[in-house]
Structure formats: structure tokens, C-alpha cells
Protein chains: 2
Amino acid sequence: MESASGSNAGPEPGDRVRVERGADAYEGVLLPSSTPESVVLKLDGGYNVAVSRADAAVEVVESDTYDIEGAQDVTGTSEITFEEDLPTVSLISTGGTIASTIDYRTGAVTAQFDAEDVLRAVPDLAGRANYRGRVVANILSENATPEIWRELAEAVHEEIEQGADGVVVMHGTDTMGFSAAALAFALDIPVPVVFTGSQRSADRPSSDNVMNAVCAIEAAKADCAEVLVCMHASESDDRCALHRGTRVRKNHTSRRDAFETVGREPLGEVIYDGGETAVSFRRAHAERGGEELAIAPELETDVELLKFTPGTGEALLEACEGKAGLVLEGTGLGHVHTDWIPRIGGLIEGGTTVVMTSQCIDGRVCDRVYDTGRDLLEAGVIEAEDTLPGVAKVKLMWALENSEDPEALMGTPIAGECTERSIPWA
Amino acid sequence: MESASGSNAGPEPGDRVRVERGADAYEGVLLPSSTPESVVLKLDGGYNVAVSRADAAVEVVESDTYDIEGAQDVTGTSEITFEEDLPTVSLISTGGTIASTIDYRTGAVTAQFDAEDVLRAVPDLAGRANYRGRVVANILSENATPEIWRELAEAVHEEIEQGADGVVVMHGTDTMGFSAAALAFALDIPVPVVFTGSQRSADRPSSDNVMNAVCAIEAAKADCAEVLVCMHASESDDRCALHRGTRVRKNHTSRRDAFETVGREPLGEVIYDGGETAVSFRRAHAERGGEELAIAPELETDVELLKFTPGTGEALLEACEGKAGLVLEGTGLGHVHTDWIPRIGGLIEGGTTVVMTSQCIDGRVCDRVYDTGRDLLEAGVIEAEDTLPGVAKVKLMWALENSEDPEALMGTPIAGECTERSIPWA
């Protein structure tokens, strides 16, 4: 970066400075709106702070770190102040329709955005929390990968470690459920981690952008410590549902209320009445602060999901030879064509962990009822109980890397993804 | 077969005979309950007919065709008579839980069962229709194949050709929707073809066997000419839903009301009130007799369905090289990871017809919205509109064999499987 204004004569706008005054200390970028009376700093979270020069010590940390010219319009008009009595919510962007409304500042030192960027994108968020922002990815969510899930888990972990009272992850809707499940397995969390997104972009009158963002922020402040998905609960703009991240599915290509908790009521909801909001939970959930923050983000990525349908040849199964794991989406209670069973047995003998789920989506697999199922169990196939197929894939990736007995883990709920078998379907 | 009683002295019980009397003619097996006054025959449909010997001509068609000893208990006590004023419903069995209640007669000349077998299995069917039965397969439905769909289509065609006023297909529930779709594409029908099955076997108190069978028979008599799926509409024993065969999905592994019409109301329902029934339709449907019977049962079987989920490697796509057709179950509006697109383009260049559907299940694919989709369209991927993924696989099998322009056909409704694009999701 050019250093035209760089000199040792004293702090210049654009310099990163540290200001100490009495017991307070601030570090940030010196803004041109500083006056002879006060030093105005942009803090890393995007908030502007004005500190009286009287008795203040101003020290240059790094010269000319910030392209103040390019950002002038923005920084010069900031009126956002940090409010001590509001919780701090960290916003993490991964891309997708909702994130496309945030115009990341060119020239920023790191891939971060700040409170000002957030409020410029969604002014309705003002006054609900202090915001902090970071960019983990900028992708359409069909391009999400286990590697991005790992980075996302680490970013969320870091934000909570640094004091965030809740985290909102802005994510494309296509694979939001997969990412939410990945975080639910990778993290133990004492605060809510709330995924939200948008089915309609902000330039359309029917956009769900604002309401989803507002409700997600409110959910992130709630007394909860789960990975949630917060999206429209109906075609009206009246409330968002709060889905458990391991039980949610995008069940419509385009509706704003596309997301559903499979086979149960959502955990809770956020009423949205012209900006007035109310968060409530109707089912048992982990409470804020009940668990210590912890992270286990590594995944075995050599895992496939294969859906069996009539007429499916064996070439697809052959392609799974040597894989670490395979999740089958069988028919009904968890079946495939009888011809597949010896080959599946071969995969298992070759070291592949094979897990059965059902393409019915709802309901529990139960391979003890019919011959096909019993033969599958005998071949060594593991039942994923009522785990959703996509979630079972993410869980198997996690279990193979983090558990000494991944097979036993697949039938045991660890993040609300399945329920223990009680009475089999009667 | 032993011919101990075979002689040329005259017809003996067990012989297949033809009886002509005035304008009437009957062919069937001579029963021991024949008397000097009347000839008692078991017709092929299982009905017993007594014909006065006065002025009757009895001719042996084939000696000793039927093991009358083994069947004595059954045939000797038959009280089932053909009733002229009832419609004739043909029951076709393919196996599965519902068919397991029918104890196929050993010693039968062909794989058929008759009215007596049907009524012994489900006495509640008595008086609702004259029955005719045949066995097309005796498999668990996860073992259904395109070859069995073809045989089933031919059997249904034959039954209707021979005068059935409606057809009921007893089928395992796992792949019932696939078979129903296959018949909907293969046949033009002037009468209803109603699939039914059972989620709980007859030996369990919660069995749905009887109610589903009764409602299916009533639906087969209705003013309709569609391939329907008739299964419990709720967890109560109060009604069955009538789903269009190309829009139905088994959405629960074990519930009796597992079947749902995706994204719409079912076509109609059969109220079931202690055996009293009432069929009604609430949506437009093809009417009885509106179409000539026709069949086009051939299928291109070299078609796969592949579901894309995050982290899916390219090995599965590679396994589809050289296939005639491939249905992709993409994310959201119809997306896959960007890395897949060049390889999909390669498949298409190699002659594979590639069709996009969505794992959301409900809603229309629309690949003109985001970059990924536009790139897929540019590579030559065909959109299946709002066709269900499994149904799209069956349709592609049919289209590749029966259409000169299968690609155009995939976006055009031919059996209610999709709707024309009107206003794209707005």
C-alpha cells in the first residue's frame, strides 16, 4: 500500500492507533473526523468511538493500515455506538442470497465486515445487539464442502471464545441443513448458533431477507444453546420457526417457508409483528451456559451417500469400493434390492462403514421386520435410527474421525439428530 | 400329473369342461358337487356356477386338469356366485405385505387366484364386486424392477381388455409409487387402476390391510380413469386418500398414512365408516371411458438416479459414464457443486440424457436464477420442472424408449407428473 501520508510527525487518519485514557483503552483506525478536542476511532467491530484528547495518550500501532479515502463516505458518517447494555452478536457470512446484501468493504485488512456494513444492509437490526462480523466464505451453498464446515466451526468457536453472546451464520439455503448439522456435531456451545438465509433476494418485494435476519438476531440472544435454523414459518411475514440444526430439511425449492423440522414440531419460534419480536420455545432444548465451549472439527471426508431406487445398477455401489463410509438411502424401513446385499457385505468386509437410512425421510429404519432387512443387518449394515439421510452422512464423517466406536455412535443421539429406539413402530 | 381317473367314459370331477345350454356357455373345472340334475363348474374367476343338465351339452376340454382332491375343502364349500349387476374388478398381486394374506392355491394350473381366495383373505370384500385374480410377481417391492413394471403393465392391459371394470394392484409399499408411475406412463386406460398395500401385516391388530383393500375396490369401481394409490389418509381407520400415481410418495417408514401427494391435495378419498364407503374426488381427473385402452410398456433400463450432497466425490458421476440417462437430485432449485458441471457436460456430450430434479422434493426446479443453474443448462441439462425425482427416473426410462424427443418430453406433463411452468416462483 502506498504510504503518501506516512510520517513520524504523529498519528494520521488511516493509522491504527491505541488510545489510553484513565482506565479505558481503545485500539482502532484513526478517522478524519477527529478534532482538536477528540480522537475518533473506528474499532474493529465497526463502531466509532470518540475519546477526549484531554489526558489521553495516543500511540501509533501501525501506520496507514487503512485506505481511508475509499472508505471515507462510510466512516465519516457513522453514528453507530457500542451500547454496553446490549448483547454482542457475531455475524458470520458464508455467502448466499442473504449475504449478497452486504457490500463487503474493499480495502479492508481482513475478510471482515462491521456493524456499519450490517446496518447498512439491514437497518432493522439497529438497536438489537452490538454486532461483530466476519466472512468465512463467499460461496453459493451448493459449493459448501466439509473443509468449509471445519473453517466455519473454528470461526464460530473463536467468536464465542472472544465473548459473543450468540452467533448468527448467514448461509445459502441449499445446503444450510448440512452445515448446521456439521456444526452441531463439531461444537459444544454455551450460546445459540443461529443459521439464517434468504429464499428471495433483497431486490424482490417478497424478500424474506429482513425478517429472517431480525428473527435470527433475536434467537441468538435467547436462552438457548443449540445450533438452530431460523427461517420463515409460513408464507406470511408473521414469524420464523426455530429448527434444531440436525432435524431440519429444505422441503421446497422456492417457498419462503421451505424449511421444516422433519416429523416433529420446531423447537420454537420468533414472532415478528412489524419489528416487534418475541422468542419462545415449545420443546425442551439446551439452555444458555449449560455446556462448556469445545470443538472437534475434523471430518473424514471419504464418505458417500447413495440413494437406492428400482432399476439401480451395481455400478454406483462399485464406485464406493474402498470408501471409509457409505450412507445408503434405502426404501421403506431401510431396504435395497436383494442383489445388492452380497456386494454391500463385500464393501463392509473391505473396511467401509455402511449406514442405512430411509428415503421416506420421516420415520425410523427398522431392518428386523423383513428378510431384506435382516440380511442387511447380518451383512453388517448399521441402522441410523430416525436420522435424516443427509445428516447421517455428516454424522458418519464426524464419527469416523472423532469416535473410537463410530458404528455404535450412529444409533445414539449426540446432537438431537435421532431418538433412541423405544417401542419399535407398533 | 397322474391320470388315475382319466377315462373316455364322460366328464369326471377335475376335468376342464365346456357346458353349452341355450345361448349360455361356460368353461371351467367340473366339481364333485355336480348332481344328476346339474353340472357344477368352477369358472376361472373362482365363481361356481350350477347349470341344469336339461338340454345342456357338456364337452371335456382337457382331462383331469385340476387336482380336485387337494382343493376339495375349498371348492366343495364355495358359496360365491357371480352377480350380474356388480362390476368386475381384477385383482393383481405382486407380493408385499397385503398379498401375503392370500394363500395361493397349490396345484393351480396358472399363477392365478380366484374370488374365493380373495374373500377368504378379506371377507369384507364380499358383495362389492365380482373378482378375478392373477399373480404377476410374488416379491418384496424393493426387488421390483423395470422388467416387472413391464409385465405388470401387460397384465393390467390384458385384464382391462378382457372386460375388467377396474383393476386393483396389490403391491409392497416400499416402491409402490415407482410402479404406479411406470403404469401411468405405459398405459392409456379407460378405467381406474388402483394400487394398494399394507404398512402393517394382517396378523397385527393395527393392520391396515382390510380397510385399504375395501377402499381400493371401491375406487376401482369409481368414475375415474387414472392410476391411483389408495392408502390410509390418517392414523384413524376412517378414510383412504386417492393419490395420483405420479405425484405420490411414501413419506414415512412405518405410519399407516405414510403416503402423501406431494405439494397438493390428493385427487380424492374413500370414506370408510364401519364398512360403509363413499368415494369422492376433489380435483379434476380423467373420467371413466374417456380414453381408449393402449399400451407402450417398453423401458430403457440403463438409467440412474444420483443424489448430490456436499462432499460427494466425482466417482459416482464417473460410474454413470455411457449411461443412456441420468436423473440428478440436486440441491434447492436444481444445483450441484460447480466442480461437477464440466463432468456433467462430458456425460451429455457422450450421449447421456441428464435430467435435473430437486432433493427438496416439493417445488419446481429453476436453473435460470443462479450461476450454477445457468451453467448446468448451458451444459445441456434438462429440467424436469416439478416432477418428483423417482418419478423422473421412471419417466426418463419411458421417454428414452417411446419418444422421438425425450428431452422435450421431460418438461411436459403426460400423466399428471408435473405442471407446465406458468409464472416462475414469484
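Everything numeric here is computed off the predicted structure, so don't read it as measured data. (Residues numbered from 1 in each chain as written. Chains lettered and ligands numbered in written order. Predicted model: local features only at pLDDT ≥ 70, side-chain atom pairs only at ≥ 80, totals over all residues. Heavy atoms only, no water.)

Below, the discussion takes up the packing of aromatic side chains. Residues and elements named next belong to chain A. Applying the stated criterion across every chain, the model contains three aromatic pairs over all chains. Ring geometry for Phe308 against Trp340: centres 5.2 Å apart, planes inclined by 75°, an arrangement best described as edge-to-face. Placement of the pair is Phe308 in the loop between β18 (303-307) and α6 (315-318) and Trp340 in helix α7 (residues 340-349), with a sequence separation of 32 residues. With relative accessibility at 1%, the residue Phe308 sits in the buried group. Trp340 gets classed as buried once you look at its relative accessible area, which sits at 1%. (Phe/Tyr/Trp six-rings, centres within 6.5 Å; stacked < 30°, edge-to-face > 60°. Helix = DSSP H or I, 4+ residues; strand = E, 2+ residues; numbered from the N terminus. Buried < 20%, exposed > 50% of the residue type's maximum accessible area, 1.4 Å probe, protein only.)

All names here are of chain B. The N-to-C vectors of helix α4 (residues 176-186) and helix α9 (residues 389-402) enclose an angle of 35°; their axes lie 9 Å apart at closest approach. The interaxial crossing formed by α4 with α9 has right-handed handedness. For the pair formed by α4 and α9, the contact residues are Phe178, Ala181, Ala182, Phe185 and Ala186 on the first element and Gly390, Val391, Val394, Lys395 and Trp398 on the second. A per-class count over the contact of α4 with α9 returns eight nonpolar, one polar and one charged. (Axes fitted to C-alpha atoms, helices over the stretch in contact; angles between N-to-C directions. Left-handed = near helix turned anticlockwise from the far one by under 90°. Contact = heavy atoms within 4.5 Å. Nonpolar A, V, L, I, M, F, W, Y, C, P; charged D, E, K, R; others polar.)

Let's shift gears to the sheet that holds strand β5 (residues 57-62) of chain B. Residue and element names in this part refer to chain B. Strand order in the open sheet made by the five strands is β4-β3-β2-β1-β5, with antiparallel pairing throughout. The two strands at the open ends of the sheet, each matched to only one other strand, are β4 (48-52) and β5. Adjacent strand axes in the sheet meet at a mean angle of 40°, parallel and antiparallel pairs treated alike. The pairing of strand β1 (residues 16-21) with β5 spans five bridges and is classified as antiparallel. (Pairing = 2+ DSSP bridges.)

Here the focus is the sheet that holds strand β10 (residues 193-196) of chain B. All names here are of chain B. In spatial order, the strands read β7-β6-β8-β10-β11-β12-β15-β16; together these eight strands make up an open sheet with mixed pairing. Among the strands making up the open sheet, the edge pair consists of β7 (130-135) and β16 (276-281). With strand direction ignored, the average angle separating the axes of adjacent strands in the sheet is 25°. Sheet topology note: the strand β12 (residues 239-244)/strand β15 (residues 268-273) ladder contains four bridges and is antiparallel. Among the inter-strand pairings, Cys240 is bridged to a residue of β15, identified as Val270. Against the sheet, helix α5 (residues 209-220) contacts β6 (88-93), β7, β8 (166-170), β10, β11 (227-232), β12, β15 and β16, and its axis sits at roughly 125° relative to β15.

This is a description of form; function is not addressed.
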